Amino acid sequence: MSTGTEDEAILIIGAGLAGVSAAESVRKAGFAGRVVLAGDEPDAPYDRPPLSKSVLCSAEALSNLELRDPAFYAENGIELKLASTAELIERDSRRVHFADRTSVPYKKLVLTTGSSLRILPILPPGMPNVFYLRRLSDALALREALPQTCRMMIVGAGVIGLEVAATARTLGIAVTVLEAAATPMARAMCPTMCDFILGKHADHGVHIRTNTTVVNVDRFGAGYRVTLSDGDSVDTDVIVVGIGVVPNIGLAAAAGLTVSANGIHVNEFGQTSDENVYAAGEVAFHYNHRAGQMDRQENWLHAAAHGEHVGRTLVAGGPGYNEISGYWSDQFDFSIQSFGMPKGDRDVVRGSVTNGSFTIFHLVGDVVKGVSSINAARDMRTGKALVRDSARIPESVLSDPSIDLGKWRQSAMTSPAV
Ligand SMILES: Cc1cc2nc3c(=O)[nH]c(=O)nc-3n(C[C@H](O)[C@H](O)[C@H](O)COP(=O)(O)OP(=O)(O)OC[C@H]3O[C@@H](n4cnc5c(N)ncnc54)[C@H](O)[C@@H]3O)c2cc1C
């Protein structure tokens, strides 16, 4: 695309992290036309990770959550259209219609509509003392309930469920977590990491019950008596449901773009089945060159990087998307980081699991394909470089904390084996 005339517009639907990153990068790439960033939430674009962490246990100033300073949008000529739900894409006339009866024309359209919460039918949103967590308003509602809460049940032992569990426990609340699977997070983490996290939760008094689901819910006092599939029942004041998300594909699907349960299908440049419509971030089922396959990611690093990439390449061109993604999570006094594949054919531990500071390298064959760590920021930095380089390093070196991996790697750089 050319850098645009003033009457040409790039319209971005979805004012989350991917949308903001895309808006910023089209400007940085030199686009001179109109840039409109429209989102259905009323708040200026904000960061989601603190919603399951600091926001729940502190009176964190909401301005701290903003993704960009308020002046950023005006300074970069980005029109923010908040509290505006896009309802219809007219691809022939290249115009998007909003629920507030306005419409915006576009030269190029970028869909960064993210995900919505997966709903548990027996516990729909809106039931008293039942909470879901995706938006700022969700987090504020849960925060308001916490001072009156003695017992909390969390349905789903995923990362967000466990973050809420850790926060609630820290506030002195008795917490039970239900998990339908035999092992929580078994797909997202290697067994050593899983065991460590679950062990820490148990040490802090979080009661995690696996292989069980909710079969019935009765009002009991101000809270609920929850009957489980294993026949037991648990009484609780509040229930938090964290059973994952689904990509927001409805707008794209209604416009006839290629979509599936995996998201909006896009190529390596974020382009959908319509050359004038792109998608980025959590909603995009995208081609990643490095992985050599289609992929959808639900993490901060990817939403930022993919939004940036799609915005930049749609204006200025360039190579296809090939970023490696990863995530972090903070629970109790430990900080989890993961980059690249979260488990390998072999997982090599470096450091002390017992002392709560260690790194795990995930190998496929003899190549470092991923790295995860607990409270080990320095090794994590080196580990990321090894993953980026698809390094081959002997297991004996990776597992020996007395060897400085950065120095070892530098001195071995000339070796063709590395
Ligand atoms: C509570 C919580 C904690 C998290 N913690 C971590 C963490 O610790 N580490 C990590 O790596 N990741 C974390 N994540 C994940 C990370 O925040 C997300 O992957 C990232 O925010 C996705 O960004 P996105 O822009 O693709 O989508 P979203 O953030 O979902 O933004 C999409 C926006 O589009 C809007 N929208 C949808 N449809 C329409 C429409 N038709 N019209 C207008 N607007 C529309 C949505 O309302 C939303 O505002 C967390 C997420 C949550 C919810």
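Residues numbered from 1 in each chain as written. Predicted model: local features only at pLDDT ≥ 70, side-chain atom pairs only at ≥ 80, totals over all residues. Heavy atoms only, no water.

Structural notes on helix 1 (residues 17–28)
Here's step 1: A rise of 1.5 Å per residue sets the reference length of helix 1, with its twelve residues, at 16 Å; its end C-alpha atoms lie 16 Å apart and thus fit the reference within 8%.
Here's step 2: Among the residues of helix 1, L17, A18, G19, V20, S21, A22, A23, E24, S25, V26 and R27 are the ones counted as buried.
Here's step 3: For helix 1, the elements touching its buried residues are strand 1 (9–13), strand 2 (34–38), helix 3 (70–75), strand 3 (78–81) and helix 8 (300–316).
Here's step 4: Backbone geometry just downstream of helix 1 places G30 in the positive-phi region, at approximately 100°. (Helix = DSSP H or I, 4+ residues; strand = E, 2+ residues; numbered from the N terminus. Expected span 1.5 Å × (residues − 1). Buried < 20%, exposed > 50% of the residue type's maximum accessible area, 1.4 Å probe, protein only. Contact = heavy atoms within 4.5 Å.)

Section: the site of the ligand
Here's step 1: Near the ligand lie 33 residues; those nearest to it are D40, E41, R48, K53 and E282.
Here's step 2: Here an oxygen atom of the ligand and a side-chain polar atom of D40 are 2.5 Å apart.
Here's step 3: Between the ligand and K53, the relevant distance is 2.6 Å, taken from an oxygen atom to a side-chain nitrogen or oxygen of the residue.
Here's step 4: For the ligand, whose accessible area on its own is 1,000 Å², the fraction buried by protein is 94%.
Here's step 5: Looking at the shell around the ligand, the elements with two or more residues in it are helix 1, helix 5 (159–170), helix 8 and strand 23 (326–331).
Here's step 6: Split by residue class, the shell around the ligand holds eleven nonpolar, 13 polar and nine charged.
Here's step 7: Each of domain 1 (9–116 + 245–316) and domain 2 (119–241) gives at least three residues to the shell around the ligand. (Near = heavy atom within 4 Å. Polar contact = N/O pair within 3.5 Å; in protein donor to acceptor, adjacent residues only side chain to side chain. Areas by Shrake-Rupley, 256 points an atom, 1.4 Å probe, with all protein chains shown as cover. Nonpolar A, V, L, I, M, F, W, Y, C, P; charged D, E, K, R; others polar. Domains from an automatic or database assignment.)

A short note on the domain arrangement of the chain
Here's step 1: As assigned here, the chain comprises domain 1 (9–116 + 245–316), domain 2 (119–241) and domain 3 (333–412).
Here's step 2: Here the C-alpha centre of domain 3 lies 33 Å away from the C-alpha centre of domain 1.

A few points about the environment of P184
Here's step 1: Its location among the elements puts P184 in the loop between strand 11 (174–178) and helix 6 (191–203).
Here's step 2: Beyond its immediate chain neighbours, meaning those up to four positions away, P184 contacts A157, E179, C194, L198, I208 and T210.

Considerations on the sheet that holds strand 7 (residues 108–111)
Here's step 1: Spatially, five strands are ordered 3-2-1-7-20 in an open sheet, and the strand pairing comes out parallel. On the outer flanks of this sheet lie strand 3 and strand 20 (277–279), each paired with one strand and no other. Direction aside, neighbouring strands of the sheet carry axes that sit 20° apart on average.
Here's step 2: The sheet contacts of helix 1 involve strand 1, strand 2 and strand 3, and relative to strand 2 the element is tilted by about 175°.
Here's step 3: Here helix 8 sits on the sheet and contacts strand 1, strand 7 and strand 20; the angle it forms with strand 20, its principal contact strand, is near 155°. (Pairing = 2+ DSSP bridges. Axes fitted to C-alpha atoms, helices over the stretch in contact; angles between N-to-C directions.)

Points about the sheet that holds strand 6 (residues 103–105)
Here's step 1: A sheet is described by the order of its strands in space; here three strands give the open sequence 4-5-6, paired in antiparallel fashion. The open sheet is flanked by strand 4 (86–90) and strand 6, the only strands paired with a single partner. Ignoring strand direction, the axes of neighbouring strands in this sheet form an average angle of 20°.
Here's step 2: Bridge count for strand 4 against strand 5 (residues 95–98) is four bridges, and the pairing is antiparallel. Paired with E90 across the two strands is R95, which belongs to strand 5.

Some details on the pairing of strand 21 (residues 284–288)
Here's step 1: Counted residue by residue, strand 21 has four buried out of five residues, so it is predominantly covered.
Here's step 2: Bridge count for strand 19 (residues 263–265) against strand 21 is two bridges, and the pairing is parallel. Among the inter-strand pairings, I264 is bridged to a residue of strand 21, identified as A284.
Here's step 3: One ladder, built from three bridges, connects strand 21 with strand 22 (residues 293–295); its direction is antiparallel.

Some details on the side chain of S115
Here's step 1: Summarising the element assignment, S115 is placed in strand 8 (residues 115–117).
Here's step 2: Only 2.5 Å separates the side chain of S115 from the side chain of E282, close enough to count as a polar contact.
Here's step 3: Dropping the residues within four chain positions of it, S115 is found in contact with R134, V245, V246, P247, N248, E282 and R296.

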